[in-house]
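Observations on the three-dimensional arrangement
Listed here are the chains, written in short residue letters.
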Amino acid sequence: FNNVEFKETLMGLVQKVREHLQNLENSAFTSDRHRKRKLLENSSLNSKLLKVNGSTTALCATGLRNLGNTCFMNAILQSLSNIQQFCCYFKELPAVELRNGKTAGRRTYHTRSQGDNNVSLVEEFRKTLCALWQGSQTAFSPESLFYVVWKIMPNFRGYQQQDAHEFMRYLLDHLHLELQGGFNGVSRSVILQENSNLSASNKCCINGASTVVTAIFGGILQNEVNCLICGTESRKFDPFLDLSLDIPSQFRNKRTKNQESGPMCTLRDCLRSFTDLEELDETELYMCHKCKKKQKSTKKFWIQKLPKVLCLHLKRFHWTAYLRNKVDTYVEFPLRGLDMKCYLLEPENSGPESCLYDLVAVVVHHGSGVGSGHYTAYAAHEGRWFHFNDSTVTLTDEETVGKAKAYILFYVERQAKPGAEKL
Ligand SMILES: [Zn+2]
């Protein structure tokens, strides 16, 4: 990932992205022209890919080029591209050219998220997902997506290594906001309600109307706080898109090779420590409305509603006085049948199988610090596991996946009756 050839192409890309940004800052008109050229380039690329696809029946995975420490983005994109319900929604959206028509004016985009009508994260995300799994063995360059990311998420500018989890949260939040905002006066959340049953069963709303983001990843936590002085209980519902789990402290210490006989940390240990009753320490005193002052209290999380796709983030990066340290502990996780029933608030209200989850993707961080290292992803596609390492994609097996030191795990809800709830 760091060879000479790569560095040469990188310099070209850096220049290209900078030019794009410059043009955008300077003039909306110029950037529009660039955009049109970009669309043309992409459509000719697409027809090439289709030809390749037409001549071969074997399904080939497509890698994503690294644009300079952008493996954090590639690992997330490859993981999301293998979450079928989520990915299909974007792939089925009409292309921007079709939506606007050839005679459409310069103000082609309306997005609420950043008030910038020159860029659309949804459109670039859609194009990137469409480029993957088309049969091309040549890695796709996600530069136009990256350029929109730079534009609307300023904290991801530059070529330093970033936190893949942080990126995923920003990406999902911005997709959600843009989908809520609507395009050309047509709200995409309305489109979603009309053409699928995704929103029907979804009560979780983060910032208002539901979108494909909240319909797929959205769950609800019940946060129970008890005042230790008067015993008053207060309950609060918190919508979530993912759960950030601590690796319990007894498993955090680095072990030497000879010491590896101790108990192994499991995903269940992490989930248990997340949902266990916790006594809040002096620094997080809770404002009791009955005592009318800040009191010592306990906190407990219940899952009130499980999402269709359960995203679990293992908190491997911890702040010490000055540095963010990495917890490198191996955490054992199931590839099939993760049972979430015991964390549910009302387990009796759920069917026998609806709490079971199967693994679909894992993001792994290799290296020691958050500002360095390398991200790759494992993901299952039509029953086979692949390892996505930027432009290189290799077939792998379950045993290898199970040994990975997971950073982010994506679990898909097992359907109670196969085919009963098809999208
Ligand atoms: Zn109280």
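What counts, and at which threshold
Residues numbered from 1 in each chain as written. Predicted model: local features only at pLDDT ≥ 70, side-chain atom pairs only at ≥ 80, totals over all residues. Helix = DSSP H or I, 4+ residues; strand = E, 2+ residues; numbered from the N terminus. Buried ≥ 20, exposed ≤ 12 C-beta atoms within 10 Å, placed from the backbone. Contact = placed C-beta atoms within 7 Å. Axes fitted to C-alpha atoms, helices over the stretch in contact; angles between N-to-C directions. Parallel < 35°, antiparallel > 145°, perpendicular 65-115°, else oblique. Left-handed = near helix turned anticlockwise from the far one by under 90°. Pairing = 2+ DSSP bridges. Core = buried A, V, L, I, M, F, W, Y, C linked by C-beta atoms within 7 Å. pLDDT = per-residue confidence, 0-100. Arc of directions from axis to C-beta.

1. A few points about the overall build of the protein
Each helix and strand counted, the protein has twelve helices and 18 strands in total. Across the 423 residues that make up the protein, the buried fraction comes to 35%. Restricting the contact set of the protein to residue pairs at least 6 apart, pairs at least 24 apart contribute 69%.

2. A closer look at the environment of F240
Mapping F240 onto the fold places it in strand β2 (residues 233–240). Along the backbone, F240 and L221 are 19 residues apart, and their C-alpha atoms lie at a distance of 7.0 Å. Each residue touching F240, except ones within four places of it in the same chain, is listed here: G219 and L221.

3. Topic: the packing of helix α4 (residues 84–91) against helix α6 (residues 121–131)
For the pair α4 and α6, the least separation of the axes is 8 Å and the interaxial angle reads 110°. It follows from the interaxial angle that α4 and α6 lie roughly perpendicular. Two packed elements cross with a definite hand, and for α4 against α6 that hand is left-handed. Residue-level contacts link C87, F90 and K91 of α4 to F125, R126, L129 and C130 of α6.

4. With respect to the pairing of β2
Of all the eight residues making up β2, zero are buried; the element is thus mostly uncovered. Bridge count between strand β1 (residues 219–227) and β2: eight bridges; the pairing is antiparallel. The residue of β2 that forms the bridge with Q222 is F237. Between β1 and β2, which pair antiparallel and follow one another directly, the connecting turn spans five residues, one of which, G231, has a positive phi of 80°.

5. A short note on the nonpolar core
One recurring pattern in soluble globular proteins: nonpolar side chains tend to sit buried together. Judged by nonpolar contacts, the single largest core of 83 residues is most densely connected at I76, A164, V309, V362 and V363. Excluding anything up to four places from it in sequence, A164 contacts F72, A75, I76, V363, H365, Y375, Y407 and I408.

6. Things to note about the packing of helix α3 (residues 71–81) against helix α8 (residues 164–181)
Axis separation between α3 and α8 bottoms out at 9 Å; the angle between their running directions is 60°. It follows that α3 is oblique to α8 by the angle criterion. Relative to α8, the crossing made by α3 is right-handed. On α8, the residues touching F72, M73, A75 and I76 of α3 are A164, F167, M168 and L171.

7. Section: the environment of A131
Tracing the sequence through the fold places A131 in helix α6. Taking the number of C-beta atoms within 10 Å as the measure of exposure, A131 has 21 and is therefore buried. Each C-alpha atom, one on A131 and one on G63, is 9.8 Å from the other, the two residues being 68 residues apart in sequence. Contacts of A131, omitting those with residues within four sequence positions, involve T62 and F140.

8. So, the sheet that holds β1
One open sheet holds the four strands; their spatial order is β2-β1-β8-β5, and the pairing between them is antiparallel. Because the sheet does not close on itself, it has two edges, and the strands there are β2 and β5 (278–279).

9. Examining the pairing of strand β14 (residues 356–366)
Alignment of strand β13 (residues 338–339) against β14, held across two bridges, turns out to be antiparallel. Within β14, the residue paired with L338 across the bridge is Y357. Summarising the sheet, β14 and strand β18 (residues 406–413) pair through seven bridges and their orientation is antiparallel. Bridge assignment links L359 to a residue of β18, and that residue is Y411.

10. Considering the environment of E124
The residue E124 is located in helix α6 in this model. When the 22 C-beta atoms within 10 Å are taken as the criterion, E124 is described as buried. In this view, E124 contacts S144, L145 and V148; residues no more than four positions away in its chain are not counted.

11. Overview of the confidence of the model for the protein
Of all residues in the protein, 70% have pLDDT values of 70 or greater, and the mean over the chain is 77. The least confident element of the protein, judged by mean pLDDT, is helix α2 (residues 28–55) at 40; the most confident is β18 at 97. Within the model, the stretch residues 98–116 combines pLDDT values under 50 with 36 contacts to residues more than four positions away or in other chains.

12. Here's the deal with α3
The buried count for α3 comes to eleven of eleven residues, which makes it a mostly enclosed element. Those residues of α3 that sit buried are C71, F72, M73, N74, A75, I76, L77, Q78, S79, L80 and S81.

13. What to know about α4
Among the residues making up α4, those that are buried are F86, Y89 and F90. The buried residues of α4 occupy an angular sector of 95° when projected down its axis, which confines them to one face. Buried residues in α4 make contact with α3, α6, α10 (212–217) and β9 (309–315).

14. Some points on unusual backbone geometry
Phi angles above zero are rare outside glycine, and W133 is one such case at about 60°. Its location among the elements puts W133 in the loop between α6 and α7 (143–152). Not every positive phi belongs to a glycine, and D390 is a case in point at roughly 50°. Within the element layout of this structure, D390 appears in the loop between β16 (384–389) and β17 (392–396).

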